[in-house]
Structure formats: C-alpha cells, structure tokens
Amino acid sequence: KHQKALGLRISQGEINKAVEARTLQCTHFDAFRFFVPEARPFNKEQLTREAQAATDQPGCVHATMDLFKWALKLCPLLPSALLAEAAALALEARALDVRASPYDARAYSDRRFDLSPIKVETAEGRVQYQHIQEGLWQKSIPLRASLIEEYEKVLRQYYLLMEEQEPGERGEGSISSSCGGGKQGKQHRATPSSGSSSTNELGRYDLYR
C-alpha cells in the first residue's frame, strides 16, 4: 500500500502461493507489523514491540538498517565516520530489501544500487538472497561492536557526572540526541535506567557474532 508508484513483478496469486507454501520466519517487529492480518498466522512467531529485543537477530536486513537509527540517536556524541558507515550499510540493506520485494524497482537502479529483482519465491532466488544477506551481516559485525563501545563510553561518562553531583542535585540528566547539537539540538531527558535499556537492546546483537 506504500508503493503505489511501483508495479508488482509477480501476481498477487503468486505472492499468496509463496507465503502459504512455507512457514515465514520474520524476526523484526517493524517488518512484521506491516503484514496483512491474513499473513500473520504464517509467521513462526507472533512478534510484539515489547519482545523486540529478544526476537531481533543481527542477520536480519531490518536490524542492520536499525544500526543507523542507533547511530543517529547518539549524535553529536558519535564520531561522524561511524554515522556515515551506518548510513551506507543501511542503504545497502534497504536495496536488498527492495530487490526481494514483489515490486519491480528496476527503473530506480543506478550505478550505486542494483535494484534488479531477487526472486525469493524460487529456490535459486532464496540462495542468492541468503548470500547477499550474509555479506551484510558480516559488514555489520564491526560496526555494531563500535556502536556498543561508543554507547558504553557515553554511559560511563554520564554515570560519573551523576556520582559527582550532590545528593540533592541528582535527578534526570540532559543529553542531546540531535546531530545539530548546541542550542539547536533537541534535548531529551535521560536516566541511568533508560540509557542502560538502549545499550542492552543494541548489545544483545553482539551475542550472535
């Protein structure tokens, strides 16, 4: 419904047949939530936002794209090279996602991105997709580790600042999460517990390396 400008490369009947032929194994809630209600029972798990940190896994192209989200959340405290690396990898992952979709996006191919279809409804297409997906996962491993390290640095500094405050002065701290920084940067209130949650959610992926 969000791709009205693109035509389908296969018929709706072929899409239905591919979905119904095997158990779906989507692990990313932000992809699963766009499933039509009729398709959700075919997924191996019924995903929820609350359980996302437990069900996400780093081989997923959507989890790879989310690394850019986590990088952006840490701006301007994150080295710009890491932000650029996360953005570039997210674009690669998005291109793979588009190629494996039932839409025909070849008109948008250029020298940077090959958007020719990967026919995941066929055995050959699934092998091709898996090969490219594994390559993206390998690229994401050092990036994910670097992001975790940067988050831990920020949290350690935050906790030190909290400890230096007088008991009566302690409360919510303020950190900028806008790449604009300075007076233009939007300020978000952060507590140690909320910071730890973000790092734990990102850090879980490190277990799969």
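Residues numbered from 1 in each chain as written. Predicted model: local features only at pLDDT ≥ 70, side-chain atom pairs only at ≥ 80, totals over all residues. Heavy atoms only, no water.

**Quick notes on the overall build of the chain**
As a reminder, the rule being used: Every helix listed is a DSSP run of H or I at least four residues long, and every strand listed is a run of E at least two residues long, numbered separately from the N terminus. Each residue's exposure class comes from its accessible area (1.4 Å probe, protein chains only) as a fraction of the maximum for that residue type: buried when under 20%, exposed when over 50%, partly exposed otherwise. Whether two residues are in contact is decided by their heavy atoms, any of which lying within 4.5 Å being enough. Accessibility throughout is a Shrake-Rupley quantity obtained with a 1.4 Å probe, and a residue counts as covered only by protein chains that appear here.
Looking only at helices and strands, one finds seven helices and two strands in the chain. Out of the 209 residues belonging to the chain, those deemed buried represent 36%. Across the chain, the fraction of contacts at a sequence separation of at least 24, relative to all contacts at a separation of at least 6, is 58%. Entry remark: accessible area of the chain is about 12900 Å², with carbon and sulfur atoms responsible for 54%.

**Comments concerning the environment of D110**
The criterion, for reference: What qualifies as a polar contact is a pair of N or O atoms within 3.5 Å, subject to a donor-acceptor requirement within protein and to the restriction that residues adjacent in sequence count only when both atoms come from side chains.
Secondary-structure assignment places D110 in the loop between α5 (80-99) and α6 (123-164). Side-chain polar atoms of D110 contact the backbone nitrogen of R112, separated by 2.8 Å. Looking at D110, its side chain comes within polar contact range of the main-chain nitrogen of F113, at 2.9 Å.

**Observations regarding the confidence of the model for the chain**
The criterion, for reference: Each residue carries a pLDDT score, the predictor's confidence in it, ranging from 0 to 100.
For the chain, per-residue confidence averages 82 on the pLDDT scale, and 77% of positions sit at 70 or higher. The low-confidence segment residues 180-199, where pLDDT is below 50, has 34 contacts with residues more than four positions distant or belonging to other chains.

**Topic: the nonpolar core**
Among soluble globular proteins, nonpolar side chains are generally buried collectively. Using the following cut-off: Within this scheme, the nonpolar core is defined by two criteria: the residues are buried Ala, Val, Leu, Ile, Met, Phe, Trp, Tyr or Cys, and they are joined through side-chain atoms within 4.5 Å.
Counting 23 residues, the largest nonpolar core has L78 and L143 as its most contacted members. Elements with a minimum of two residues in this core: α4 (61-73), α5 and α6. By residue number, the principal contributor to this core is α5, which donates seven residues. Apart from the residues within four sequence positions on either side, L78 is in contact with A71, L83, L147 and E150. Core analysis: the next-biggest nonpolar cluster, separate from the first, contains eight residues, C26, F29, F32 and A39 among them.

**Points about the packing of α4 against α5**
The criterion, for reference: Axis definition: a line fitted to C-alpha atoms, limited for helices to the stretch in contact. Angles are taken between N-to-C directions and run from 0 to 180 degrees. Just so you know how the angles are binned, under 35 degrees is roughly parallel, over 145 roughly antiparallel, 65 to 115 roughly perpendicular, and the rest oblique. Definitions for this section: a left-handed crossing has its near helix turned counterclockwise from the far helix by less than a right angle. A right-handed crossing has that turn clockwise.
Axis separation between α4 and α5 bottoms out at 8 Å; the angle between their running directions is 155°. Relative to α5, α4 is oriented roughly antiparallel. For the crossing formed where α4 meets α5, the hand is left-handed. Where α4 approaches α5, its residues V61, H62, T64, M65, L67, F68, A71 and L72 are matched on the opposing element by L83, A86, A87, L89, A90, A93, R94, L96 and D97.

**Concerning unusual backbone geometry**
Cis geometry marks the peptide bond from C75 to P76; its omega dihedral reads 0°. Take P76: it is sitting in the loop between α4 and α5.

**Digging into the state of the cysteines**
How we decide: Disulfides are defined as pairs of cysteine sulfur atoms found within 2.5 Å of each other.
Tallied over the entire structure, the rule returns zero disulfides. Among the cysteines around C26, which has no disulfide bond, C60 carries the closest sulfur, lying 6.4 Å off. The exposure class assigned to C26 is buried, which follows from its relative accessible area of 18%.

**Focus on the packing of α5 against α6**
How we decide: Following the grouping adopted for this structure description, the nonpolar residues are Ala, Val, Leu, Ile, Met, Phe, Trp, Tyr, Cys and Pro, the charged ones are Asp, Glu, Lys and Arg, and the polar ones are all others, Gly among them.
Two elements in contact, α5 and α6, have axes whose closest approach is 10 Å; the angle formed by their N-to-C orientations is 155°. Between α5 and α6, the angle falls in the class roughly antiparallel. Along this stretch, α5 crosses α6, giving a crossing that reads as left-handed. Two secondary-structure elements touch here, α5 through L82, E85, A86, L89, E92, A93, L96 and R99 and α6 through Q128, Y129, I132, Q133, L136, K139, S140, L143, S146 and E150. Split into classes, the residues belonging to the contact of α5 with α6 amount to nine nonpolar, four polar and five charged.

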